[in-house]
Amino acid sequence: MRYAFIKAGPSRSFSDDDAFFRNRSDPAGAEIDIYTGARFKADPTKAAILIELQDECLGEHVDDQAPQNANVLGFARYRNGRDEPSNLVEIVRHSGTKIAAVQAVRELFSAAGLEVVVCSDHVGRIINRLVIPKYNAALRFLDEGLASQADMDLTCKLGLGYPDGPIERVVRGGLANHYSTSKALFEAFGLPSFAPPRRATAAFRRDEM
Amino acid sequence: MTKIIKTVGVCGAGGTMGAGIALVAARAGFATVCFDRSGDTLEKAAKQSIGFLDKSVERGKLDATKRDGIVASMVRTTKLEGLADCDLVIEAVFEDLSIKRELLGQLDAVCAEDAIFASNTSTLSITEIASGSKRPERVVGMHFCLPAQLMKLIEMSPGILTSEEVFGAAWQWTETCGQTPVKTQDKPGFILNALLVPFNNDAIRAVEAGVAEPADIDRAIKVGLGYKMGPLELIDLIGLDTQVRLCEAFYPITLDPRAATPPLLRRMVAAGLLGRKSGRGFFAYEGNTMFGA
Ligand SMILES: NC(=O)c1ccc[n+]([C@@H]2O[C@H](COP(=O)([O-])OP(=O)(O)OC[C@H]3O[C@@H](n4cnc5c(N)ncnc54)[C@H](O)[C@@H]3O)[C@@H](O)[C@H]2O)c1
């Protein structure tokens, strides 16, 4: 399937030297258009139109009630802050997205060797919705003296088989990045578990100074 | 002076955790007294432990002479008095504060003044359990992971009154057994369950909110984060009824909304969907095969 990128700024999912970006085709003959940063234009003749999302929901880009948007989906390759992107692409379908468009996008990413999951249109999609409260709790526990950072990370690795501990992960991805994602989820859900934790807020403010 | 530990007692040694903990102690060369109030479960556990050791021999991880030595070092009893000579007694009886407190009171009467008592509780407070003993300074938290005979991690927690000497001796004992101790405060769920129980609940709430199908939630977590198991598959393994019990233990103490039982979980348990053990939870199982993921 031929796909084109309509890019206005850097993509967090596919850098310019990523093979998937390099294998793009010309917009004229593409069956799928991928918007990264650029303002999207409806085109019902395409098999699918993809909009790269950051922390926002797809509804901020498209009206899901409009029939011409039935082939539009959001996507993001999951990435922990400044870590390299993972192999996972979260695809976001809105309430009016047609199955055929979901299928086309699934095939597109699977053919590129990426793993695909489909979710409905919520801020934080699947992973951030689940891990941000956990990382926030770990950072709070650290402040409260529950255990040392090393012991908390080791506990998760040895006790749960995680490849890395929650705190080393957040620190590696950047505490300031963690702040921004937490803040977006906190604004969307209003739940204390998403509120940016002290350490992340402090790191963000330090960076601003 | 640091207490020298030679003989170890395990209370609830017929249970899932107790049997594994007894193996850890015996394998490290300690005379091990396996105590349980139920003789039948004690016998069953002994057979399973021998089976486990036999497998280790088959796999070349243990030699047969060592196996025989381990088996010989484990004695079984249904009488509390059998623990009289133990330097360290680890309790892994039912997760019930009054049962654990009562047991410690009984151990006071049977064991030497300088014996160390350890609790394998997952959710209860070490300080509250220790209040069942007249020697709370000799009580320490020692939380093994399931299966204890394979998992290296132990969360070690001092209660408010635990003496440094006792904590140090218990810590050293875990290292002698080849385990990896980590230190945590005496707080609900220590580190592991404090992070895991609410996280698993969040995954259930995501299913309930229609964020994604269970299989997609698990795949996202496995591929995106490199976890060996997705949260919903893990809950199926733990048992949905056990997850409810964990929520019921944590929520009233922490009042953390994430620890409250998700309504979907309650409904699934009511419908008899308990996970692997009932053949269906978030996924369907036939034998050991999983469907739906
Ligand atoms: N199962 C787990 O995954 C797990 C993990 C870590 C810690 N724990 C903790 O370990 C403890 C035991 O859990 P389990 O899952 O092994 O339970 P279990 O039900 O498998 O075993 C408990 C055993 O204790 C015995 N028992 C109960 N009261 C007794 C008493 N007063 N005196 C002597 N024996 C008594 C029972 O006969 C039974 O054999 C609990 O505190 C639990 O929170 C469990």
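The shown structure was predicted, so the numbers you read here are calculated from the model rather than taken from an experiment. (Residues numbered from 1 in each chain as written. Chains lettered and ligands numbered in written order. Predicted model: local features only at pLDDT ≥ 70, side-chain atom pairs only at ≥ 80, totals over all residues. Heavy atoms only, no water.)

S.K.: Explain the packing of aromatic side chains here, please?
M.R.: Residue and element names in this part refer to chain A. Across all of its chains, the model carries 17 aromatic pairs over all chains by this definition. Both rings, one in phenylalanine 5 and one in phenylalanine 21, keep their centres 4.8 Å apart while their planes meet at 75 degrees; by these two values the pair is edge-to-face. With phenylalanine 5 in strand E1 (residues 3–7) and phenylalanine 21 in helix H1 (residues 19–22), this pair connects stretches of sequence that are 16 residues apart. Each member of the pair, phenylalanine 5 as well as phenylalanine 21, carries the same accessibility label: buried. Each ring, one from phenylalanine 75 and one from phenylalanine 109, has its centre 5.7 Å from the other, and the planes form 40 degrees; the classification is tilted. In this pair, phenylalanine 75 is assigned in strand E4 (residues 72–77) and phenylalanine 109 in helix H2 (residues 99–111), connecting sequence segments 34 residues apart. Side by side, phenylalanine 75 and phenylalanine 109 carry an identical accessibility label, which is buried. (Phe/Tyr/Trp six-rings, centres within 6.5 Å; stacked < 30°, edge-to-face > 60°. Helix = DSSP H or I, 4+ residues; strand = E, 2+ residues; numbered from the N terminus. Buried < 20%, exposed > 50% of the residue type's maximum accessible area, 1.4 Å probe, protein only.)

S.K.: I tried to follow the sheet that holds strand E8 (residues 180–183) of chain B on my own but got confused; where do I start?
M.R.: Picture the strands of a sheet paired through backbone hydrogen bonds; they go either parallel or antiparallel. Residue and element names in this part refer to chain B. Reading across from one edge, E3-E2-E1-E4-E5-E6-E7-E8 is the order of the eight strands in this open sheet, with mixed pairing throughout. Each end of this open sheet is capped by a strand with a single partner; those strands are strand E3 (74–77) and E8. Taken pair by pair, the neighbouring strands of this sheet meet at an average axis angle of 25 degrees, ignoring direction. With four bridges joining them, strand E7 (residues 153–158) and E8 adopt parallel strand pairing. Bridge pairing links methionine 156 to lysine 183 in E8. This element, helix H6 (residues 164–176), spans strand E1 (7–11), strand E4 (88–91), strand E5 (116–119), strand E6 (139–144), E7 and E8 of the sheet and lies at about 25 degrees to E6. (Pairing = 2+ DSSP bridges. Axes fitted to C-alpha atoms, helices over the stretch in contact; angles between N-to-C directions. Contact = heavy atoms within 4.5 Å.)

S.K.: Looking at this structure, how should I read the site of the ligand?
M.R.: Residues and elements named next belong to chain B. Taken together, the neighbourhood of the ligand is formed by 21 residues, with Met17, Asp36, Glu95, Lys100 and Asn120 sitting nearest. Take serine 122: an N or O atom from its side chain is 3.1 Å from an oxygen atom of the ligand. Burial of the ligand by the protein amounts to 80% of the accessible area it has alone, namely 820 Å². Counting residues per element, the ones that place at least two in the shell around the ligand are helix H1 (16–27), helix H4 (97–110) and E6. Of the residues belonging to the shell around the ligand, the class tally is eight nonpolar, nine polar and four charged. (Near = heavy atom within 4 Å. Polar contact = N/O pair within 3.5 Å; in protein donor to acceptor, adjacent residues only side chain to side chain. Areas by Shrake-Rupley, 256 points an atom, 1.4 Å probe, with all protein chains shown as cover. Nonpolar A, V, L, I, M, F, W, Y, C, P; charged D, E, K, R; others polar.)

S.K.: Help me understand the environment of arginine 24 of chain A, please; the structure alone is not making it clear to me.
M.R.: All names here are of chain A. With respect to the helices, strands and loops of the structure, arginine 24 is situated in the loop between H1 and strand E2 (32–36). Accessibility expressed as a relative area gives 38% for arginine 24, which makes it partly exposed. The spacing of arginine 24 and methionine 209 is 185 residues in sequence and 40 Å in space, taken between C-alpha atoms. Ignoring sequence-local partners within four residues, the contact set of arginine 24 consists of Tyr3 and Phe5. Among the polar contacts listed, one links the side chain of arginine 24 to the backbone oxygen of phenylalanine 21, at a separation of 3.0 Å.

S.K.: What is the right way to read unusual backbone geometry from this model?
M.R.: The general pattern is negative phi for most residues beyond glycine and trans for most peptide bonds. Residues and elements named next belong to chain B. Backbone torsion omega between leucine 146 and proline 147 reads -10 degrees, so that peptide bond is classified as cis. Here proline 147 lies in the loop between E6 and E7. Even without a glycine there, the phi angle at phenylalanine 190 is positive, about 50 degrees. Its location among the elements puts phenylalanine 190 in the loop between E8 and helix H7 (192–208). Phi is positive for leucine 255, close to 55 degrees, though the residue is something other than glycine. Considering the arrangement of structural elements, one finds leucine 255 in the loop between helix H10 (240–254) and helix H11 (263–270). Residue classification places leucine 255 among the exposed residues on the basis of a relative accessible area of 58%.

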